[in-house]
Amino acid sequence: MLDFRTETFLTVCEYMNFTRAAAALNLTQPAVSQHIRYLEEKYETPLFLREKKKLRLTPAGELLRATLETLRNDETTLKNRMRESLSDKKILTFGVTMTIGEYIIPPAISKLISAHPDTDLRIRYGNTQTLLSYLREGNMDFAIVEGYFKPDHYETRQFKQEEYIAVCSSHHRFAQPIHTLQDLTRERLLLREAGSGTRAVLAKALALQNLSVSDFHHRVELESIHCIVRLLCDDCGISFLYRSAVAQEIADGILQKIPLSGFELQRDFTFLWNKGSAFSSEYEGIFRELKQYIDAAQ
């Protein structure tokens, strides 16, 4: 179990400032400094570097933070499991991004519920960066995300691969012939908010051609995929989405994929949990079960 000095260390990691960490912990700054010195002496290595009044973690500090965060999260999970044992009921808390939660995972969740009638599910929706922060803070068991992230502190498994496409109304009329991403910059772009995996994929694809979302003449930013799809159907602009989000509308002839030269993207949806968790075997089993349901539905 974590003691008060490791809690101090994690709080300093959060704020990267001794004064702010002391205020958050209701401690004096000298007390915070003493706790950090104790840990540095215990592990025989510096944990922070102080450069121009700014803190940054040493490699050893990064390793300690990752390990302690996992231990803290496992302790939270252990407490929950112990409480659940009193009622013969298990609770799984996990997160999904909007595309996955609305268009990919529901059939698999139905089968999971049927296969585990005594398990309660708490499913949280959010963009990729929000879910990763929940995971790091120990507020969920695992997550299924899209887009780019640093995998250093997570166990990761490929959950599904999905085509990422440019899309617009079937009735849309372009002002000029469209062949490349550059040609689309005169259009109104409907896009997700910063932190979204869907937007991160777009940003990287644009950057590879020396473009950015700011190069589009007009932009509408939304946190709802359903709203983006509705606006596409009403011919209010163009967007970039995973095919699953618009598969029905394309099949019905309401929307169409915009063919672009050199733009063929397949992106991974990733199942992940905190690296080194004592519950890794359990999460691995859930991953295999959910993936089996997803693969069977394809």
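Above this text is the structure in question.
Residues numbered from 1 in each chain as written. Predicted model: local features only at pLDDT ≥ 70, side-chain atom pairs only at ≥ 80, totals over all residues. Heavy atoms only, no water.

(A) View of the nonpolar core. One finds Phe159, Leu184, Phe240, Leu260, Phe271 and Leu290 to be the most contacted residues of the largest nonpolar core, which totals 43 residues. Looking at this core element by element, the count peaks at 6 residues for helix α11 (residues 280–297). Among all residues touching Leu184, those that are not within four sequence positions of it are Ala166, Phe174, Ile178, Phe216, Ile238, Phe240, Ile258 and Leu260. Formed by 17 residues, the second largest nonpolar core is a distinct cluster that contains Val32, Ile36, Leu55 and Leu57. (Core = buried A, V, L, I, M, F, W, Y, C linked by side-chain atoms within 4.5 Å. Buried < 20%, exposed > 50% of the residue type's maximum accessible area, 1.4 Å probe, protein only. Helix = DSSP H or I, 4+ residues; strand = E, 2+ residues; numbered from the N terminus. Contact = heavy atoms within 4.5 Å.)

(B) The arrangement of the pattern of salt bridges in detail. The tally for this structure, following the rule as stated, stands at 15 salt bridges. Across the pair Glu162 and Lys160 runs a salt bridge whose closest N-O atoms are separated by 2.6 Å. The partner of Arg288 in a salt bridge is Glu284, and the shortest N-O contact between them spans 3.6 Å. With a gap of 4 residues between them, Arg288 and Glu284 both fall in helix α11, about one helical turn apart. One network of salt bridges, with partners in common, ties together Glu155, Arg157, Glu284 and Arg288. (Salt bridge = Lys/Arg side-chain N within 4 Å of Asp/Glu carboxyl O.)

(C) A look at the packing of aromatic side chains. The tally for this structure, following the rule as stated, stands at 15 aromatic pairs. Ring geometry for Phe18 and Phe48: centres 6.2 Å apart, planes at 80 degrees, overall edge-to-face. With Phe18 in helix α2 (residues 18–25) and Phe48 in strand β1 (residues 48–51), the pair connects residues that are 30 residues apart, well separated along the chain. Taking the relative accessible area as the measure of exposure, Phe18 reaches 10% and is therefore buried. Phe48 gets classed as buried once you look at its relative accessible area, which sits at 2%. When the ring of Phe149 is compared with that of Tyr154, the centres are 6.2 Å apart and the planes differ by 80 degrees; the resulting orientation is edge-to-face. The exposure class of Tyr154 is buried, given its relative accessible area of 5%. Feature note: the residues Phe94, Phe142, Phe159, Phe271, Trp273, Phe279, Tyr283 and Phe287 constitute an aromatic cluster, connected by ring pairs. (Phe/Tyr/Trp six-rings, centres within 6.5 Å; stacked < 30°, edge-to-face > 60°.)

(D) Spatial organisation of the state of the cysteines. Following the criterion strictly, the structure yields 0 disulfides and no others. Looking at Cys168, it has no disulfide partner, and the nearest cysteine sulfur is the one in Cys233, 11 Å off. Cys168 sits in the buried class, given a relative accessible area of 0%. Among the residues examined, Cys233 registers a relative accessible area of 26% and is labelled partly exposed. (Disulfide = S-S within 2.5 Å.)

(E) Geometry of the environment of Ala166. Note on placement: Ala166 falls in strand β6 (residues 154–169). In this structure Ala166 comes out as buried when scored by relative accessible area, which is 1%. With 36 residues separating them in the primary sequence, Ala166 and Leu202 have C-alpha atoms 9.7 Å apart. Every residue in contact with Ala166, bar those within four places of it in the chain, is listed here: Leu184, Ser239, Phe240, Gln256, Lys257, Ile258, Leu260 and Phe263.

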